[in-house]
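# Commentary on secondary and tertiary structure
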Amino acid sequence: MDALNRFIDHTLLAPTATADDLTRLCAEARAHDFFAVCVNSAWVSTAADELRGSGVKVASVIGFPLGAQLSASKAAESQFALEAGATELDLVIALGPLLAGDDAYVRADVAAVVTLAKAFDSSILVKVILETAVLSDEQIVRACELAREAGADFVKTSTGALDKKLALPGRATGATPDVVALMRQAVGDALGVKASGGIETRAQAEALIAAGATRIGTSHGVALLS
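Since we're looking at a predicted model, the values are computed, not measured.

## Some points on the pattern of salt bridges
Per the stated rule, a full pass over the model turns up 18 salt bridges. Ionic pairing is found between Asp109 and Lys74, a salt bridge with its closest N-O pair at 2.7 Å. With Asp109 in helix 5 (residues 103-120) and Lys74 in helix 3 (residues 71-84), the pair connects residues that are 35 residues apart, well separated along the chain. Judged on exposure class, the residue Asp109 and its partner Lys74 are both buried. Through salt bridges that share partners, Asp9, Glu88, Asp90, Lys127, Lys156, Lys194 and Arg215 make up one connected network.

## Here we look at the environment of Val113
With respect to the helices and strands, the residue Val113 is situated in helix 5. A relative accessible area of 0% places Val113 in the buried class. Between the C-alpha atom of Val113 and that of Ser73, which follows or precedes it by 40 residues, the distance is 9.8 Å. Other than its neighbours up to four places away in sequence, Val113 contacts Lys74, Ala75, Ser78, Leu89, Leu91 and Val126.

## Observations concerning the nonpolar core
Ranked by size, the top nonpolar core spans 66 residues in total, and within it Val37, Leu89, Leu130, Val155 and Ile216 carry the most contacts. Leu13, Val61, Phe64 and Val92 belong to the second largest nonpolar core, which has seven residues in total.

## With respect to unusual backbone geometry
Residue Pro65 is bonded to the preceding Phe64 through a cis peptide linkage, with omega at 0°. Of note in this structure, Asp33 is not a glycine but carries a positive phi near 55°. Inspection of the secondary structure puts Asp33 in the loop between helix 1 (19-32) and strand 2 (36-39). The residue Glu131 is not glycine, and still its phi comes out positive at about 55°.

## Observations regarding the pairing of strand 1 (residues 8-12)
Side-chain direction in a regular strand flips from residue to residue, so the side chains alternate between the two faces of the sheet. The buried count for strand 1 comes to five of five residues, which makes it a mostly enclosed element. Where burial is concerned, the two faces of strand 1 agree: the one with Ile8, His10 and Leu12 and the one with Asp9 and Thr11 are both buried. Where strand 1 and strand 8 (residues 215-218) come together, three bridges link them in parallel fashion. Note on strand 8: the bridge partner recorded for Ile8 is Ile216. Alignment of strand 1 against strand 2, held across four bridges, turns out to be parallel. In the strand pairing of strand 2, Leu12 is matched with Val39. Traced from strand 1 through helix 1 to strand 2, the parallel crossover comes out right-handed.

The rules behind each value
- Residues numbered from 1 in each chain as written.
- Predicted model: local features only at pLDDT ≥ 70, side-chain atom pairs only at ≥ 80, totals over all residues.
- Heavy atoms only, no water.
- Salt bridge = Lys/Arg side-chain N within 4 Å of Asp/Glu carboxyl O.
- Helix = DSSP H or I, 4+ residues; strand = E, 2+ residues; numbered from the N terminus.
- Buried < 20%, exposed > 50% of the residue type's maximum accessible area, 1.4 Å probe, protein only.
- Contact = heavy atoms within 4.5 Å.
- Core = buried A, V, L, I, M, F, W, Y, C linked by side-chain atoms within 4.5 Å.
- Pairing = 2+ DSSP bridges.
- Right-handed = clockwise from strand over helix to strand, strands pointing away.

Put into C-alpha cells, the structure is as follows:
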C-alpha cells in the first residue's frame, strides 16, 4: 500500500472556519504532503494561494451539503471554484431525484458540472458525493452507475454533515468498509472511490483502503499519521 498521506484529502468544511483555520489546514497539508485539501468554495482562493508550489491539490465541495441546488447553480459554483484555483470538485448528488427514481435528472445534474469542468481543463477531477446513509444498496449501485454515465471520475460516500435521524436503520452516516466495497464493485476500475465521514483513526482508514477506497476524506489527517 502507498504511504497513507497520499490518500488523504485534508478537510475543513465547518461553517465556522476562519482564515486562520484555513492557513493552519494548508500548513498541515504542506508539512505532511497530503494529496489535497478539501474546502468550501469561498475558501478556494485562500487555499490555492497558501498551497502554490507545494503539489497539494485544492478540492472544492459543490452544492454542499444538501445537493438540492439548481443544476445551473452547481455549475456556476464550479466555475467560480475552478477560476479561483480548484483542481478537484466534490459534488453532492441530487438526493431527492435519486430517491424518487428520476435517473435522467440525476445524470444531467452531474453532467452539468462534469461538462463544465472538463471544458475548463480536462485534468479536473469530479467526485460525486452519494450520501450513502440514506440509500439502500440498490440505490447506491444505481447512483454509482449514474455518476459513471455522467462522466464523473470518483464516487464518494458522504458529506459528513448528514443529520443522523435521516439515516436508514443500520446505516452509518459516515464511511464503512462494506459500503466502500459495494461502491468499488459497482464502478470496477473505471472510477475512484473516496471514503469520507467519521474517519478518525489510521485503522479505519486502512480498512477502507483495503475495501477499495482510493482516497480518504477526513478532518483528522494529521492524527491518522500518528
